[in-house]
Amino acid sequence: MKFQYSEKKVKLPGNVHAYAEKKVMKLARFFDEDAEALVTFSVEKNRNIAELTVHGAGTWFRAKESTSDMFASIDAAVGTIEGQIRKNKTRLARRLKQDAFVRSVEETSFVPEEGEEDLSIQRVKEFYFRPMTREEAVLQMNLLEHTFFAFRDEDNDGAFAVVYKRNDGGYGLIEDAK
């Protein structure tokens, strides 16, 4: 598993990074060797925040935990992701440990020039949208804790589609009318 660390508003000693790597390596049994983990540390209002994002087998897992101790925040974030994997074990079984990095992500940032309107695009992300079923798209959206998720719909010949969370607690689908 490959690791990246990011620190926001805090400078941490190396033993915190080593502790995080040791704890996150417990998740390696669920993924191929190519999996990536991004651990972001920050402090807000005397709360130590550990945000953990793991990408492997074309699936993203994200957890953000806040406690009074950074080590406890790391433990909680790892526990949350392990819980996500166990909760969705049967659905994820066919995807984990296979097809790692089917999707690649490239990110480009643009700096607005002077005099541009407020409607200018500040950031562009490019994704390869892997064909998946609607159920897999809803699962991926929930694992990312997002309110929407764009994908290629296997049930509709690979057409572009978006699933989203409705205010009433259900899910919605926006699909290409062709």
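Shown above is the structure to which this text applies.
Residues numbered from 1 in each chain as written. Predicted model: local features only at pLDDT ≥ 70, side-chain atom pairs only at ≥ 80, totals over all residues. Heavy atoms only, no water.

A. Summary view of the environment of Ser-66. Within the secondary structure, Ser-66 is located in strand E4 (residues 59-67). Assessed through its relative accessible area of 33%, Ser-66 is described here as partly exposed. The sequence separation of Ser-66 and Ser-42 amounts to 24 residues, and the corresponding C-alpha distance is 9.3 Å. Apart from the residues lying within four places of it in its own chain, the contact partners of Ser-66 are Arg-47, Asn-48, Ile-49 and Ser-73. (Helix = DSSP H or I, 4+ residues; strand = E, 2+ residues; numbered from the N terminus. Buried < 20%, exposed > 50% of the residue type's maximum accessible area, 1.4 Å probe, protein only. Contact = heavy atoms within 4.5 Å.)

B. Spotlight on the pattern of salt bridges. According to the stated counting rule, one finds six salt bridges in the structure shown. With its nearest N and O atoms 3.4 Å apart, the salt bridge here joins Asp-168 to Arg-166. The class for Arg-166 is partly exposed, based on a relative accessible area of 40%. Residues participating in the shared-partner salt-bridge network are Arg-134, Asp-153 and Glu-175. (Salt bridge = Lys/Arg side-chain N within 4 Å of Asp/Glu carboxyl O.)

C. Main features of the packing of aromatic side chains. Summed over all chains, the structure comprises four aromatic pairs. For the pair Phe-3 and Tyr-5, a centre-to-centre distance of 6.3 Å together with 5° between the ring planes defines the contact as stacked. Note on Phe-3: relative accessible area 18%, which makes it buried. Ring geometry for Tyr-19 against Phe-71: centres 4.9 Å apart, planes inclined by 85°, an arrangement best described as edge-to-face. (Phe/Tyr/Trp six-rings, centres within 6.5 Å; stacked < 30°, edge-to-face > 60°.)

D. Local environment of the sheet that holds strand E2 (residues 36-44). As summarised here, the arrangement of the four strands in space is E1-E2-E3-E4, forming an open sheet in which the pairing is mixed. Two strands lie at the open edges of the sheet, namely strand E1 (2-8) and E4, each paired on one side alone. Strand-to-strand twist in this sheet, taken as the mean axis angle between neighbours without regard to direction, amounts to 15°. Pairing geometry for E2 and strand E3 (residues 47-56), over nine bridges, is antiparallel. Within E3, the position partnered with Val-39 by the bridge is Leu-52. (Pairing = 2+ DSSP bridges. Axes fitted to C-alpha atoms, helices over the stretch in contact; angles between N-to-C directions.)

E. Layout of helix H2 (residues 70-87). Taking 1.5 Å of rise per residue, the 18 residues of H2 would be expected to cover 26 Å, and the 26 Å separating its terminal C-alpha atoms lies within 8% of that figure. For H2, the complete set of buried residues consists of Met-70, Ser-73, Ile-74, Ala-77, Val-78, Ile-81, Gln-84 and Ile-85. Taken down its axis, H2 places every buried residue within 130° of arc, on the same side. Residues of H2 that are exposed and point more than 90 degrees away from the buried face comprise Arg-86 and Lys-87. (Expected span 1.5 Å × (residues − 1). Arc of directions from axis to C-beta.)

Fair warning: the whole summary comes from geometry, so function is off the table for now.
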